[in-house]
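Breakdown of the fold
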Amino acid sequence: LFTYTKYTDNSFKLSKTIFSFQDLLEQVLEEHNSNIIKHGIKLEVQTYSSDIEFYGDPEHLVRVLHNLFDNLTLHTDGNKEAKLVLYNNPGNIVLELSNCAESLKNCDPEILFERMVRGDESRSQKKGSGLGLSICRKIVNLHDGTITAEMHDAMFLIRMKLPYKKTEQ
């Protein structure tokens with residue numbers, strides 16, 4: 001709750017620097033890989049991103065990625081296949097993470113970004129504070145980006161778009 005409150009404080013400032021978002025993603029994914037495997041999740045990773053230098057706060061974007069991978073292991077059920085796609089869109093870097101989430105099937109995905117919401121709690125014994133996605137949204141918004149969620153049958157998709165700064169040639 002302290003972390004969530006910190007991001008809602010108007011005086012909070014990011015410490016932005018230029019870095020490779022793809023390298024950051026690969027580093028965080030490596031940290032979560034054994035937990036993903038332990039949960040029996042088969043994560044397909046596709047990157048269609050050129051090495052774009054990103055201007056943002058890596059410390060706080062790491063928190064977003066950790067939260068997304070934590071949610072992946074907590075809420076992948078049924079079909080244990082998941083997909084991570086990173087690509088460039090004009091002016092944006094886009095990350096999409098999708099997985100089968102039967103326990104979220106009847107949940108409005110937009111409500112998952114509200115504080116203290118943990119999906120369909122009557123169908124889930126999963127742990128978590130219900131703050132992860134709301135923290136993700138606050139951090140992404142501080143980077144002038146967007147993060148959204150969609151449900152298609154039992155497939156849950158998170159899409160994060162972050163504006164990038166190209167390296168000067």
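So, here is what we can say about the structure in this document. These numbers come from a predicted model, not from an experiment. Along each chain, residues carry numbers from 1 onward, in the same order as the chain's sequence is written. Two thresholds apply to this predicted model, a pLDDT of at least 70 for residue-level local features and 80 or more for giving and counting side-chain atom pairs, whereas whole-chain, interface and lining totals are computed over all residues. Note: side-chain values were computed over all heavy atoms of the structure, leaving out hydrogens and water.

Examining the pairing of strand β6 (residues 146-152)
The two faces of the sheet receive side chains in turn, since in a regular strand these alternate between them. To keep things clear, this is the line we draw: Summary of the burial criterion: residues with accessible area below 20% of their type's maximum are buried, those above 50% are exposed, and those between are partly exposed, where the area comes from a 1.4 Å probe applied to protein chains only. Numbering goes from the N terminus for both helices and strands, where a helix is a DSSP run of H or I of at least four residues and a strand is a run of E of at least two. Two strands form a pair only when DSSP identifies at least two bridges running between them.
Going residue by residue along β6, you find Ile-147, Ala-149 and Met-151 tucked away on one face and Thr-146, Thr-148, Glu-150 and His-152 left uncovered on the opposite face. Inspection of the sheet shows β6 paired to strand β7 (residues 155-163) by seven bridges, in the antiparallel sense. Bridging across to β7, Thr-146 finds its partner in Lys-161. What sits between the antiparallel neighbours β6 and β7 is a turn of two residues, in which Asp-153 has the positive phi angle 55 degrees.

A look at the packing of aromatic side chains
What counts here: In this analysis, rings of Phe, Tyr and Trp, with Trp reduced to its six-membered ring, are considered paired at centre separations within 6.5 Å, and the interplanar angle assigns stacked below 30 degrees, edge-to-face beyond 60, and tilted for intermediate values.
A complete count under the given rule lists two aromatic pairs for this structure. For the pair Phe-19 and Phe-54, a centre-to-centre distance of 5.5 Å together with 75 degrees between the ring planes defines the contact as edge-to-face. Of this pair, Phe-19 sits in strand β1 (residues 17-20) while Phe-54 sits in strand β3 (residues 53-56), and the two are 35 residues apart along the sequence. With relative accessibility at 11%, the residue Phe-19 sits in the buried group.

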